[in-house]
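A closer look at the structure
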Amino acid sequence: MDVVRVLRLRPLDVLGQTVQTDTDFSLGVKDVNGRKRKEAPSAAQLQAPAAKRAAIAREPSQEDATWEDFAAQGDTALHCLGHKLSLKKRDTAAAIRDLTLAYIKRLRALGWHLHAQCERLQAENRTLESARRAESEARTADKAALLDKLACLSAQTESLKESLEAAETASNEAISTKEALQSKLLQAGTTERDLRSKCGLLEAQATATASQLQEVQQQVARADELHQQATKYCAQLQEFNGRLQSDSQAATERLKTLQEERAVSMEEAATLRGTLSAIQTQLAAAQSAAEASEAARQRSSADAASLQAELQQVRTERASLAEALAAASGELARYREATGRSLETLEAERSSAAALATRSKAQAEMNTGLADQLAFAEEARRVAEELAKARLAECTALKKRLAAAEKAQTAAERRAAEGELVRRKLHNTILTLKGNIRVFCRVRPVAADKMAVETVKGGQPVMLFPQSGEVPDTALELTALNGAKSSFTFDKVFGPAATQAEVFEEVSQLVQSALDGYKVCIFAYGQTGSGKTFTTLGMPGNVGLIPRAVEQLFTSATSLEASQGWTFQMKASMLEVYNEDIRDLLGKGPPAGKKHVVSHDEKAGCTTVSHLETVDCKDPASVAALLERAARQRAVGATASNERSSRSHMVFTLSVRGTRSSDGQQLNGVLNLIDLAGSERLKASGASGERLKETQAINKSLSALGDVITSLGNKDATHIPYRNSKLTWLLQPCLGGDAKMLMVVNVAPLAEAAAESLCSLRFAAKVNATHIGTARRAVSYAK
Ligand SMILES: Nc1ncnc2c1ncn2[C@@H]1O[C@H](COP(=O)(O)OP(=O)(O)OP(=O)(O)O)[C@@H](O)[C@H]1O
């Protein structure tokens, strides 16, 4: 009776990423002897509607326990991941299955939980990022608008200030002009008043002078009258004097006559003495009258002279008065003229003052307007400043929010990274559970531009890629020429359209393990022309696994050197195993008559091939140069009838030695990438002679490889037949429990290649069914 242990992990669609391919858990069947064999998928599995299966793969059902249920029981992610199944020999299969299923449920719940967390974090991250971007854009726009507004307001304020200053200057000038004019006006008013008072005085003077003049004229008239009277009097006096003189002369003559007569009269004097005395008395009276007349004449003359002098004086006075009058009149005229001019100036100044007053008023109004505008501008500036302050505060708040968002983003990223770490651990745990051998299948296109697979009789495609309900891209169905169908499930199936990058993405984690101190072996298996060399080496512009792996290792090493103080040393060697002989693809090979000998130092954990060239590699370019060198060497070894790439196994080895200075930790990883020789069967190859020998050697080494892998999966095996071929002997340390292995089985979707493809797929399925123990890192510490 067979005791059947069924261990199938449903794909943990935990993070919606490519882990599904690694999470498939193949069916392991053990018979009573404990030997494991592959169980074919059940009919129900294959017939389950694809949609339903896909739905199962995507999300948990309601019956499934959630991680919160486990967490409520005190379970933690790390505890869950680090949990080891404690299976006891006496455990029944059902118990083991229940235990395993329970653990798988926990893992699945953890996976969903992490997936949900990751999605939430990513969504949060996206929201935060978009919010941050929107805020940053809004902030930038606001800032720009504010700056524009501020610049505009500043310009306005500046122009307003300038116009205000100009207006103020103009206003000040106007005010000073006005003040000057006002003072001039005041002066002019004072002058006018002075002039008016002077005019009044002059007019009064003129009036007084005129009245004086009139008086003088009257006096002159009187004096003229007096003069005329005096002249008349003088004339009368002169007439009287003349008469007196004629009287005197007549008197003298008379005297004479009288004297004569006196004589006569003396005679008669005597007689006449009496007469004489009378006459003398008369004469004395006449003489006193004459004297009185003379005195009167003299007085009249003196009067006339004084009148004359007075007249002269009056005349002089009148002349001086006339002069004074003329001067006063001239002055008056001048004053009048000046007053007239002043009045004109006054008028002009009055009108200019009025104009200035109007201008000043307008200016004042303008000033008021400008002041209003300035006040408005000031207010606007204040508002703008307040707005700017508010915006600044908003900016600061936004910055804070941005910083918080960035912090949250960093935290989210960190959590995502932690999640990724957990996912990787989970992934590694699953790999550990599954064992360290994985199998990928790659179907090449019919031609570079033809992705459709060929069909066999009845139009049935040679290969179909059913989307399994468990994990997509893991199933392959091959239809042989006779219509027989065979189904296979691998860790990953790449269709004809899969790119080199997509294939490498699945392999990259395994490659990374070499840097972590693991021994890694990647085989490309398949019949001639199935795409092994394309997968491992690729072609210029579309490189394969080796160049991509080297690039990744160097990039990661550089990052670890920079961040964690590691130093890495990488050495590469390339050889081919042809007809069970090793040939160095980089060096000259062993001396004549000698062969390359493989030896293993189990203590040191290293393998050496005698006379093999090992090259220090500093960068991916140096490895690319090595690959070119190897390709040239391989071409030299090829002949028209013997294509070496098909007939030999090519082994590329990159040893990675890492040292951490801080604690002296050393890691010794190895990455082997092997392009195996074509796997076609001897019978099908129809080879003979040398080709038959080659084919036999290839088949021997390939079957030895299969045997080693099968033995490794057999816990009860006491011997692993490494020595059965050069290839397995060479790769011994990299095969088995300590190492991580990947086999990429290459198949061509051609109808004529269906039989060979079936063989390759069966070989790969056998490898896939093998469970190899946990890989170990080669870690040591410097003494
Ligand atoms: N995935 C692919 N996409 C495009 N072309 C491919 C792919 N796989 C293989 N080819 C092409 O198919 C041809 C055969 O491929 P390749 O030489 O890699 O096969 P092989 O298995 O290495 O053969 P051999 O055993 O003779 O070395 C080549 O021209 C290669 O470019």
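Residues numbered from 1 in each chain as written. Predicted model: local features only at pLDDT ≥ 70, side-chain atom pairs only at ≥ 80, totals over all residues. Heavy atoms only, no water.

1. Quick notes on the site of the ligand
Around the ligand sit 13 residues, and of these Gly529, Lys532, Thr533, Phe534 and Ser646 come closest. Within the side chain of Arg442, a nitrogen or oxygen atom sits 3.5 Å from a nitrogen atom of the ligand. In this structure, an oxygen atom belonging to the ligand sits 2.9 Å away from a main-chain N or O atom of Gly529. Its free accessible area being 620 Å², the ligand has 75% of it covered by the protein chains. Secondary-structure elements contributing two or more residues to the shell around the ligand are α8 (532-536) and α11 (644-647). It is α8 that contributes the most residues to the shell around the ligand, three residues altogether. Residues belonging to the shell around the ligand are distributed by class as follows: two nonpolar, eight polar and three charged. (Near = heavy atom within 4 Å. Polar contact = N/O pair within 3.5 Å; in protein donor to acceptor, adjacent residues only side chain to side chain. Areas by Shrake-Rupley, 256 points an atom, 1.4 Å probe, with all protein chains shown as cover. Helix = DSSP H or I, 4+ residues; strand = E, 2+ residues; numbered from the N terminus. Nonpolar A, V, L, I, M, F, W, Y, C, P; charged D, E, K, R; others polar.)

2. What to know about the confidence of the model for the protein
Do not read the predicted coordinates in detail wherever pLDDT is low. When pLDDT is averaged along the protein, the result is 77; 74% of the residues meet or exceed 70. Confidence drops under pLDDT 50 across residues 43-49; counting only partners more than four residues distant or on other chains, this segment forms six contacts. (pLDDT = per-residue confidence, 0-100. Contact = heavy atoms within 4.5 Å.)

3. Here's the deal with the packing of aromatic side chains
Taken as a whole, this structure holds five aromatic pairs when the rule is applied. Their ring planes at 40 degrees and their centres at 6.0 Å tell us that Trp67 and Phe70 sit as a pair that is tilted. A residue pair is termed a helical-turn pair when its members lie 3 or 4 positions apart in one helix, as Trp67 and Phe70 do in helix α4 (residues 67-72) at three residues. Where Tyr525 meets Phe763, the ring centres are 4.2 Å apart and the plane angle is 10 degrees; that geometry is what we call stacked. Of this pair, Tyr525 sits in strand β8 (residues 519-526) while Phe763 sits in helix α15 (residues 754-768), placing them 238 residues apart in sequence. The pair Tyr525 / Phe763 is uniform in exposure class, with both members buried. For Arg723, the ring lying beneath its charged end belongs to Trp729, and the centroid distance is 3.9 Å. Across the ring face of Tyr518, the terminal group of Lys740 is positioned such that the distance to the ring centre comes to 4.2 Å. (Phe/Tyr/Trp six-rings, centres within 6.5 Å; stacked < 30°, edge-to-face > 60°. Buried < 20%, exposed > 50% of the residue type's maximum accessible area, 1.4 Å probe, protein only. Lys NZ or Arg CZ within 6 Å of the ring centre and 35° of its normal.)

4. With respect to the side chain of Ser757
For Ser757, the position within the fold is in helix α15. Note on Ser757: relative accessible area 1%, which makes it buried. When sequence neighbours within four positions are dropped, the list of residues in contact with Ser757 reads Met463, Leu478, Gln527, Val747 and Ala748.

5. Side note on the pairing of strand β6 (residues 485-489)
Along β6, the buried face is formed by Ser486 and Phe488; none of Lys485, Ser487 and Thr489, which line the opposite face, is buried. Bridge count for strand β5 (residues 475-479) against β6 is five bridges, and the pairing is antiparallel. When the bridges of β6 are listed, Leu476 appears paired with Phe488. Counted along the chain from β5 to the antiparallel partner β6, the turn is five residues long, and its residue Gly483 has a positive phi close to 90 degrees. (Pairing = 2+ DSSP bridges.)

6. Focus: the UniProt feature "binding site: ATP" (unreviewed entry) in the protein
Feature annotation in UniProt assigns "binding site: ATP" (unreviewed entry) to the following positions: Gly526, Gln527, Thr528, Gly529, Ser530, Gly531, Lys532 and Thr533. Inspection of the secondary structure assignment puts Gly526 in strand β8. For Gly526, the contacting residues outside a window of four places in its chain are Lys532, Ala677, Gly678, Ser679, Asn746 and Ser760. Mapping Thr528 onto the fold places it in the loop between β8 and α8. (UniProt positions renumbered as here; feature names shortened; annotations may be inferred.)

7. Notes on a negative patch on the surface
On the surface, a cluster of negative charge is made up of Glu158, Glu162, Glu165 and Glu168. Position of Glu162 among the secondary structure elements: in helix α6 (residues 93-434). The exposure class assigned to Glu162 is exposed, which follows from its relative accessible area of 52%. (Patch = residues over 30% accessible without salt bridge, like charges linked within 9 Å, V, L, I, M, F, W, Y side chains within 5 Å. Salt bridge = Lys/Arg side-chain N within 4 Å of Asp/Glu carboxyl O. Lys, Arg positive; Asp, Glu negative; His and termini not counted. Charge placed at Lys NZ, Arg CZ, Asp CG, Glu CD.)

8. Regarding the sheet that holds strand β4 (residues 463-464)
The strand order across the open sheet built from three strands is β4-β5-β6, with neighbouring strands paired in antiparallel fashion. Each having just a single partner strand, β4 and β6 make up the two edges of the open sheet.

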